[in-house]
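Notes for the structure review
So you can see what is in the structure, the chains are spelled out below.
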Amino acid sequence: RRFQIQSCVDFMGLRSATQETPQGYIYTVSKDSEATLWRLDVKTEKAEKIGTLTLGGSAYVATLDADPTGRYLYYMPGAHGGSEAMGTPVGQYDTKTGEKRAIVKLSGFKEKYGYLPMGTFGSAVSPGGDKVYITWMGCAGGNHGGKPQMEACALTVVHVPEAMRQP
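My aim in this report is to walk through the structure given alongside it, one point at a time.

Calculation criteria
Residue positions are counted from 1 within each chain, in the order its sequence is given. Local features in a predicted model are, by the rule used here, given only for residues with pLDDT of at least 70; side-chain atom pairs are given and counted only at 80 or more, and totals for whole chains, interfaces and linings are based on all residues. Based on all heavy atoms of the structure, the side-chain values leave hydrogens and waters out of the count. The numbering of helices and of strands both runs from the N terminus, where a helix is a DSSP run of H or I of at least 4 residues and a strand a run of E of at least 2. Categorising residues by exposure relies on relative accessible area from a 1.4 Å probe, with only protein chains included: less than 20% of the type maximum marks a residue as buried, more than 50% marks it as exposed, and the intermediate range marks it as partly exposed. What makes two residues a contact is simply this: any of their non-hydrogen atoms within 4.5 Å. Each accessible area value is a Shrake-Rupley result obtained with a 1.4 Å probe; residue values ignore everything except the protein chains displayed when judging cover. Patch membership requires over 30% relative accessible area and the absence of a salt bridge. Like charges are linked within 9 Å, and nonpolar side chains (Val, Leu, Ile, Met, Phe, Trp, Tyr) within 5 Å. For this document, the term salt bridge refers to a Lys or Arg side-chain nitrogen within 4 Å of an Asp or Glu carboxyl oxygen. Only rings of Phe, Tyr and Trp enter the pairing, Trp through its six-membered ring, and a pair is recorded when the two centres are within 6.5 Å. The plane angle decides the type: under 30 degrees is stacked, over 60 is edge-to-face, the rest tilted. Our definition puts a charge over a ring when NZ of Lys or CZ of Arg is within 6 Å of the ring centre and also within 35 degrees of the ring normal.

1. Here we look at the overall build of the protein
If you tally the helices and strands in the protein, you get two helices and 13 strands. Put simply, the protein has 167 residues, and 42% of those count as buried. Pairs at least 24 residues apart make up 43% of the contacts formed inside the protein by residues separated by at least 6 positions. Of the roughly 8800 Å² that the protein leaves accessible, carbon and sulfur atoms contribute 53%.

2. A short note on a nonpolar patch on the surface
Together, Tyr133, Leu155 and Val157 make up a nonpolar patch on the protein surface, roughly 260 Å² of accessible area in all. For valine 157, a relative accessible area of 38% translates into the label partly exposed.

3. A short note on the packing of aromatic side chains
In the structure shown here, the tally under the stated rule is three aromatic pairs. Centroid distance tyrosine 60 to phenylalanine 121: 6.3 Å. Interplanar angle 75°. Geometry classified as edge-to-face. Remark: phenylalanine 121 occurs in strand β9 (residues 116–125) and tyrosine 60 occurs in the loop between β4 (46–52) and β5 (61–66); sequence separation between them is 61 residues. On the basis of relative accessible area, tyrosine 60 is assigned to the partly exposed category, the value being 32%. Residue classification places phenylalanine 121 among the partly exposed residues on the basis of a relative accessible area of 40%. Positioned above the aromatic ring of tyrosine 25 is the side chain of arginine 39, whose terminal nitrogen or guanidinium carbon lies 5.1 Å from the ring centre.

Take it as geometry only, folks, not as evidence of what the structure does.
Spelled out as structure tokens, the structure:
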């Protein structure tokens, strides 16, 4: 059984994955240039390519979370720096319709809070599905050669409006 799982991981190019959803799926995102989204049925052990998570030009997605219903996936492209060039979007993928969108862009944080979120490797969705917690790597003022440097961490809580998480 371990061999089958490892083969599936190798085949999909796994970078990040959700926990199992109530429907019995695990969603994964690949390391390829498209951030390919896969759905793995844990009962049949069959994997299916269902879309991509590119958003705003970046395909580097290192954290992927499913809401408690299994309908919505949340992700942040530009994980290892670069999200700031896209306005630091928080993406939502609808597993029912296949639609993806930025539910918010965190551009303007530098001006308002003195912190520039540049990428993340960690996020979580609240048990109610109404909040996405994101730990950011970013810049709180450090520059090297005029470019912001990732030298500080921060936590944001993004409130997902009810209208954006309807069944």
